[in-house]
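Okay, here's what each chain looks like letter by letter:
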Amino acid sequence: MQAQDPTQIAHLLAELRQEHRDLDVAIEQLITSIGCDELQITRMKKRKLLLKDTIARLESKLIPDLDA
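All values reported here derive from a predicted model rather than from experimental measurement.

Student: Summarise the overall build of the chain; cite the residues concerned and give the values.
Tutor: Per the secondary structure count, the chain includes two helices and zero strands. A compact globule built from 68 residues should have a C-alpha radius of gyration of about 11 Å, whereas the chain, at 16 Å, is more than 25% larger. If you line up the chain on its principal axes, its C-alpha atoms span 55 × 25 × 15 Å. Across the 68 residues of the chain, 21% fall into the buried class. Residue pairs in contact within the chain that sit at least 24 positions apart in sequence constitute 70% of those at least 6 positions apart. For the chain, the computed accessible surface area is about 5,400 Å², with 56% contributed by carbon and sulfur atoms. Within the chain, the 12 negative side-chain charges are centred at a point lying 4 Å from the centre of the 10 positive side-chain charges.

Next up, the structure:
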């Protein structure tokens, strides 16, 4: 995940955001289902948090450095 080009970073961000939204929907469906698998929900939530951290890190790369 060493994309340095702002265009590549923006494309990767879009993909990660979509995966994050998809996981959110899947988690909600699992929670409301009868006999939900708590272990699977926990794993999905961890993946969602990892995606959130990765998105934040990539977004910070898009912010130009300002000289003080």
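Student: Give a description of the packing of helix α1 (residues 6-32) against helix α2 (residues 38-62) that names residues and reports values.
Tutor: Where α1 contacts α2, the axes come no closer than 9 Å and their chain directions differ by 155 degrees. Classified by the angle their axes make, α1 and α2 are roughly antiparallel. Note that α1 runs across α2; the crossing there is left-handed. Residue classes in the contact of α1 with α2 are distributed as 16 nonpolar, three polar and nine charged.

Student: So, the nonpolar core: which residues are in play, and what are the values?
Tutor: Ile9, Leu12, Leu13, Leu16, Leu23, Ile27, Leu30, Ile41, Met44, Leu51, Ile55 and Leu58 form the largest nonpolar core, which has 12 residues in total. If you list the elements that add at least two residues to this core, you get α1 and α2. Sorting elements by how many residues they give to this core places α1 first, with seven residues. The contact partners of Leu13, leaving out residues within four places of it in the chain, are Ile55, Leu58, Glu59 and Leu62.

Student: So what about α1? Which residues, and what values?
Tutor: Under the 1.5 Å per step criterion, the end-to-end length of α1 is 39 Å for 27 residues, consistent within 8% with the ideal 39 Å. Looking at α1, one finds that the buried residues are Ile9, Leu12, Leu13, Leu16, Leu23, Ile27 and Leu30. Looking at the packing, one finds that the buried side of α1 touches α2.

Criteria and cut-off values
- Residues numbered from 1 in each chain as written.
- Predicted model: local features only at pLDDT ≥ 70, side-chain atom pairs only at ≥ 80, totals over all residues.
- Heavy atoms only, no water.
- Helix = DSSP H or I, 4+ residues; strand = E, 2+ residues; numbered from the N terminus.
- Rg over C-alpha atoms; globule rule 2.2 N^0.38 Å.
- Buried < 20%, exposed > 50% of the residue type's maximum accessible area, 1.4 Å probe, protein only.
- Contact = heavy atoms within 4.5 Å.
- Areas by Shrake-Rupley, 256 points an atom, 1.4 Å probe, with all protein chains shown as cover.
- Lys, Arg positive; Asp, Glu negative; His and termini not counted.
- Charge placed at Lys NZ, Arg CZ, Asp CG, Glu CD.
- Axes fitted to C-alpha atoms, helices over the stretch in contact; angles between N-to-C directions.
- Parallel < 35°, antiparallel > 145°, perpendicular 65-115°, else oblique.
- Left-handed = near helix turned anticlockwise from the far one by under 90°.
- Nonpolar A, V, L, I, M, F, W, Y, C, P; charged D, E, K, R; others polar.
- Core = buried A, V, L, I, M, F, W, Y, C linked by side-chain atoms within 4.5 Å.
- Expected span 1.5 Å × (residues − 1).

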